[in-house]
Amino acid sequence: MLNIFRTCLICLLLCQQVTAKTTEKPIERIQVISSKSNASIMQLADYQQIGSQSLELLQAQHLNQVLSRTAGTWLSRGNGQESLLAMRSPVFTGAGACGEFLTLEDGIPLRASGFCNVNQLFDSAFELASTIEVVNGANSARYGSNAIHSMINVVTPRPFEQANQVKLGLGANQLTKLQIKHNQASNIGDFLFAGDWVDTNGYQQNSGYQQYKLLAKHQGQLGDWQLDTSLSVQDLDQITAGYIQAGDKAYLNRELSQQNSLDNAYRKAQSQRLTMHAQTQLADGSLVKLSPYLRNNKMDFLMHYLPGTPIENNQHTSLGVIGHWLVELGNHHIDFSSQLESTQGEVKQYQPWPTETSSAFLNSILPQGQQYDFAVDMQTLSLAADWSWIWSDNFYWQNAIRFEQINYQYTNYLDDGNNQQNGEPCGMAPCRYYRPASRDDNFADVSFSLMPVWQFNAQTSAHVKFDKAYRAPHIMELYRLQNAEQQAIEAETAYNTQLGIEYLTDKLKLTAVVFNMHKHNVIAQNSQRLYVNDERTQHSGLEANFAYQLSSNWQYSLQAIWARHKYKKQFAGNDIDTAPRLIASQQLAYTWADRINLEFESVYMSDYYADAENQHSYAGHLLHNIRASFAVADNWHLAVQWLNITDKAYAERADFAFGNDRYFVGQPSRVFAQVSYQY
């Protein structure tokens, strides 16, 4: 089976288009991606979309089940709802890893750029989404800081876009899931009320989570203004299981894979977002859009991956507005935009117990007590223009430029330096955690995108794209330091070049993108756990999607990326760790009369190195899933998923650190069933 799968990839690797059900509306060339983005009169080169019918069939318990069918994406699942993201990139780890990607809900960032979290996608209401959009590649010019490798936008439904319905699901590990969507018309507009609740014990011992998500939306008119208002709320209460650390390939042992060496690890996260999208057309024909928003995030968790296992409490509140003014001047279409945001946040790190490891040195430099207590006020200002010039019927330019400034005002509430909470030094060496003195930091940058597009005929087009992207440092990279670290940290920058082709017919959809990115001032931790800002990396490869309508009932689709991610300075020439060269998935789908949907899916990941020295590796895996949906009566539907049907023992992610092989284990064969009623 593995050889057959690889043969299919070789034959079809020059093809790209996101999976879509035959009954779903195809992706159009004229596409406005979101109110966060500058409105695009032409489809962006790397735009991928997962539509409502695919989401309905997937009924995903974790977003990695959805994003696996977009080319170039690997959402590495941790325990419970945790995750680490890779998109045209390796899996990044550490507090600032989230800064490589921009994640949105209805066009509004899930968190402030300097306060993002690697697990932040669990803040999104993806379970209630109508569409999930992905734009791969460097796109800071259109979206701002953090859009270095990609942008993900979770689009929630408008009132009456989907039917009133109730869903009840049951699955392995005592998983219970309840979802409700209700639309209501009134004399002041249309409303949608939706909720999703899930409870599971988890696969590993003493693990599991409860999570609920609530969504309230209103659509109405106020004079000449069209208003769309939404309130999105989520709460996660998770008992966390950590890595399996029982030697090389420990994930192959089912008994070991279910063990949980942690007895008190947890994660509690809450988020609330209130957003209004307002738009009106002016007398001159131009369009004005305003999107004010209020966002609040709070998270408490045990840092079980660190010696001493301290507890972190972080929270931040943001008030912002994104504005667009779209004008047409002959063959020129320009979107002028701006974003203003003010954020207030704080971070506390406390270790309530003494460090008890086999190392007397570690026990000495990681004392009990408060380790960090600081606040950061952040202001963001951006000015941007997205300009499309239709030169002729078969040639146009799509360009963008953005100036963005981010200011931090940092206040330390503990003693400066790296003494204990009581002011005393640690015994055998300076304490590990270093607290810099209060200060202000400012980061300003300009990003751009240039993309000429050739439309050869009604079916075929090609583009060349040049981008400069960037991200400002994360607050943890600036202010939560270690080992007397006091180095200046600059913004990270990336330069991307790509060539793409697209071919679309009624039955066949395929595109391919060849890309090459060089990153400078990469922020990373070295072997002494100091943040360094002088690393350089290269990311190059071929990304492809393919979809073909075999008959009126059958469709085949494939998403794949072959890429190499290399260090250019430290470990020069080595593959970056946790960076498989080939990631792919394929689906064979059958649809009959909108009453039966069947799908066979395969997900493949090649081997990859687990450490920067390229001395340890993971062998990769191939998984198979089956999904089915049946209309059993006029208003009743039954959906069944059989995941990992061959009962493959595998690791969701592997790495090698602190002298140990570490694995987040994959779950064995399991079934999830759901019944839904529309009313």
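Details of the structure are given in the entry above.
Remember, predicted model here, so these are calculated numbers, not experimental data.

Within the protein chain one finds seven helices and 35 strands. Against the compact-globule benchmark of 26 Å for 679 residues, the protein chain has a radius of gyration of 25 Å, which places it among compact chains. Based on the C-alpha atoms only, the size of the protein chain along its principal axes is roughly 70 × 55 × 55 Å. Here the protein chain holds 679 residues, and the buried ones make up 60% of them. A separation of at least 24 residues holds for 66% of the contacts in the protein chain among residues at least 6 apart in sequence. Placing the 49 positive and 64 negative side-chain charges of the protein chain at their respective mean positions leaves the two points 4 Å apart.

Its place among the elements puts tryptophan 325 in strand β15 (residues 311–329). Taking the C-alpha atoms as reference points, tryptophan 325 and asparagine 296, 29 residues apart in sequence, are found 27 Å from one another. Contact partners of tryptophan 325, with chain neighbours within four places excluded, come to Leu282, Ser286, Leu287, Val288, Ile334, Asp335 and Phe336.

Here we take up the side chain of arginine 402. Position of arginine 402 among the secondary structure elements: in strand β18 (residues 395–412). The buried charged residue arginine 402 lacks any salt bridge partner; its closest oppositely charged side chain belongs to glutamate 404, at an N-O distance of 4.4 Å. One polar contact links the side chain of arginine 402 to the main-chain carbonyl oxygen of alanine 141, over a distance of 3.2 Å. Among the polar contacts made by the side chain of arginine 402, one reaches the main-chain carbonyl oxygen of arginine 142 at a distance of 2.9 Å.

For the structure shown, the criterion picks out two disulfides. The disulfide partner of cysteine 98 is cysteine 116, and the S-S distance across this bridge is 2.1 Å. Of note, the bridge from cysteine 98 to cysteine 116 carries an S-S torsion of about 75° and is right-handed in sense. Of this pair, cysteine 98 sits in the loop between β3 (83–87) and β4 (101–105) while cysteine 116 sits in the loop between β5 (108–109) and β6 (131–136); the two residues are 18 residues apart in sequence, bridging distant segments of the chain. Both residues of the pair, cysteine 98 and cysteine 116, belong to the buried class. Each sulfur of the disulfide joining cysteine 426 and cysteine 431 lies 1.9 Å from the other. Judged by the torsion about the S-S bond (100°), the cysteine 426/cysteine 431 disulfide is right-handed. For cysteine 426, a relative accessible area of 8% translates into the label buried. Its relative accessible area of 4% is what places cysteine 431 among the buried residues. Ordinal numbering of bonded cysteines along the protein chain defines a disulfide pattern of 1-2, 3-4.

Attention now goes to the side chain of aspartate 373. For aspartate 373, the location among the structural elements is in strand β17 (residues 369–392). No salt bridge is formed by the buried aspartate 373, whose closest oppositely charged neighbour, lysine 348, lies at an N-O distance of 4.7 Å. Polar side-chain contacts of aspartate 373 include one of 3.5 Å to the side chain of glutamine 370. Look past the residues within four positions of aspartate 373 in its chain and what remains in contact with it is Val347, Lys348, Thr411, Asn412, Tyr413 and Leu414.

Bringing the sheet that holds β6 into the picture now. Remark on secondary structure: sheet strands pair via backbone hydrogen bonds, oriented parallel or antiparallel. Judged by pairing direction, the sheet is mixed, and its five strands sit side by side in the order β1-β6-β7-β4-β5 without closing on themselves. A single partner strand is all that each edge strand has here, and the edge strands are β1 (47–50) and β5. Of the pairings in the sheet, the one linking β4 to strand β7 (residues 150–155) comprises five bridges and is parallel in character. Bridge pairing in β7 places leucine 104 opposite asparagine 153.

Below, the discussion takes up the pattern of salt bridges. Taken as a whole and assessed by the stated rule, the structure comprises 32 salt bridges. Several salt bridges share partner residues, and in doing so they unite Glu100, Arg471, Glu477, Glu492 and Lys519 into one network.

Counting residues in hydrophobic clusters, the biggest one holds 36 residues, and the most contacted among them are Phe374, Val376, Tyr408, Ile475 and Tyr479. Among the secondary structure elements, those contributing two or more residues to this core are β14 (287–302), β17, β18, β19 (433–434) and α7 (475–479). Excluding anything up to four places from it in sequence, valine 376 contacts Phe115, Thr343, Gln344, Gly345, Tyr408, Gln409, Tyr410, Ile475 and Tyr479.

For β4, the buried fraction is high: five of the five residues fall into the buried class. Of the two faces of β4, the one holding Phe101, Thr103 and Glu105 and the one holding Leu102 and Leu104 are both buried throughout. Pairing between β4 and β5: two bridges, direction antiparallel. Among the inter-strand pairings, leucine 104 is bridged to a residue of β5, identified as proline 109. Two successive antiparallel strands, β4 and β5, enclose a turn made up of two residues, where aspartate 106 displays a positive phi of approximately 50°.

Thresholds, definitions, all that
- Residues numbered from 1 in each chain as written.
- Predicted model: local features only at pLDDT ≥ 70, side-chain atom pairs only at ≥ 80, totals over all residues.
- Heavy atoms only, no water.
- Helix = DSSP H or I, 4+ residues; strand = E, 2+ residues; numbered from the N terminus.
- Rg over C-alpha atoms; globule rule 2.2 N^0.38 Å.
- Buried < 20%, exposed > 50% of the residue type's maximum accessible area, 1.4 Å probe, protein only.
- Contact = heavy atoms within 4.5 Å.
- Lys, Arg positive; Asp, Glu negative; His and termini not counted.
- Charge placed at Lys NZ, Arg CZ, Asp CG, Glu CD.
- Salt bridge = Lys/Arg side-chain N within 4 Å of Asp/Glu carboxyl O.
- Polar contact = N/O pair within 3.5 Å; in protein donor to acceptor, adjacent residues only side chain to side chain.
- Disulfide = S-S within 2.5 Å.
- Pairing = 2+ DSSP bridges.
- Core = buried A, V, L, I, M, F, W, Y, C linked by side-chain atoms within 4.5 Å.

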